[in-house]
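# Summary of structural features
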Amino acid sequence: MAAAVPDGAPTSSVTGSPVVLRGRVVLPDAELPDGVVVVVGERIAWVGPAARATTEGGVGDADLPSPGDHVLLPGLVDLHCHGGGGAGFPDATTVDDARRAVHEHRRHGTTTLVASLVTDDPDVLLARVAVLGALAESDEIAGIHLEGPFLSAARCGAQD
């Protein structure tokens, strides 16, 4: 899965050349006002202060971007998503319909997405799982979440 990068930032090539991103880096327990993230292929190779990027991060002086106003955040892992961008996973009858929702989330920094389906007739659920299965096989989504018909009839909440 590709890293989400700011608009206009370079992206890794097929050869795995590093992409060097610079800005305010938000970490789980700290913030780097002038930080660098080095991405090689699909992996984050190094994160740290810009002042140490050339000595510890493997970044050449010529490859270190000028300071900017970008904010670099971890990508969102969305474990329960019904769609986006005008497309819903429960209504998607083609892979392109479902992919439109995936792309909308990718544009906004979601890096991992589980597509959620609502309770429906078993035949409808099988058809939707077949559509979404193609996206799961190509790693465009991490999985499929079904809200039914696997619920207890006695504890079904708002589900039919």
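Everything discussed here concerns the structure shown above.
A brief structural summary. (Residues numbered from 1 in each chain as written. Predicted model: local features only at pLDDT ≥ 70, side-chain atom pairs only at ≥ 80, totals over all residues. Heavy atoms only, no water.)

Looking now at empty space enclosed by the protein. Per the counting criterion, the structure on display carries one cavity of 30 Å³ or more. Approximately 30 Å³ is the volume attributed to the largest cavity. Lining the largest cavity are Pro90, Leu117, Val118, Asp120, Val124, Leu125 and Arg128. Ranked by the residues each element gives to the lining of the largest cavity, the list is headed by helix α3 (residues 122–137), at three residues. When the residues that make up the lining of the largest cavity are grouped by side-chain class, the tally is five nonpolar, no polar and two charged. (1 Å grid on protein atoms, 1.4 Å probe; cavity = no way out; pocket = protein on both sides within 12 Å on 5 of 7 lines; lining within 4 Å. Points joined across faces, edges and corners; volume = space filled by probe spheres on them. Helix = DSSP H or I, 4+ residues; strand = E, 2+ residues; numbered from the N terminus. Nonpolar A, V, L, I, M, F, W, Y, C, P; charged D, E, K, R; others polar.)

Turning our eyes to something else, we now look at the environment of Thr119. Mapping Thr119 onto the fold places it in the loop between β8 (110–117) and α3. Look at Thr119 and you get partly exposed, because its relative accessible area is 24%. Taking C-alpha positions, Thr119 is 6.7 Å from Gln159, a pair spaced 40 residues apart along the chain. (Buried < 20%, exposed > 50% of the residue type's maximum accessible area, 1.4 Å probe, protein only.)

A separate point is the nonpolar core. Within the largest apolar cluster, 15 residues are counted, with the highest numbers of intra-cluster contacts made by Phe89, Ala98, Val102, Leu113, Leu132, Leu135 and Ile141. For this core, the elements supplying multiple residues, two or more each, are α2 (95–107), β8 and α3. For this core, the element with the most residues is α3, which contributes four residues. The contacts of Leu132, once residues within four sequence positions are left out, are Phe89, Ala98, Ala115, Leu117, Ile141 and Ile144. (Core = buried A, V, L, I, M, F, W, Y, C linked by side-chain atoms within 4.5 Å. Contact = heavy atoms within 4.5 Å.)

Attention shifts here to the sheet that holds strand β9 (residues 143–146). Strand order in the open sheet formed by three strands is β5-β8-β9, with parallel pairing between adjacent strands. Two strands bound the open sheet, and with one partner strand each, they are β5 (76–81) and β9. In this sheet, neighbouring strand axes are inclined to one another by 20 degrees on average, regardless of whether the strands run parallel or antiparallel. Where β8 meets β9, four bridges bridge the pair, whose relative direction is parallel. Bridge pairing links Val114 to Gly143 in β9. Sheet contacts for α2: β5 and β8; angle to β8, the most-contacted strand, approximately 145 degrees. (Pairing = 2+ DSSP bridges. Axes fitted to C-alpha atoms, helices over the stretch in contact; angles between N-to-C directions.)

Everything listed here is a matter of coordinates, which is why it stays silent on function.
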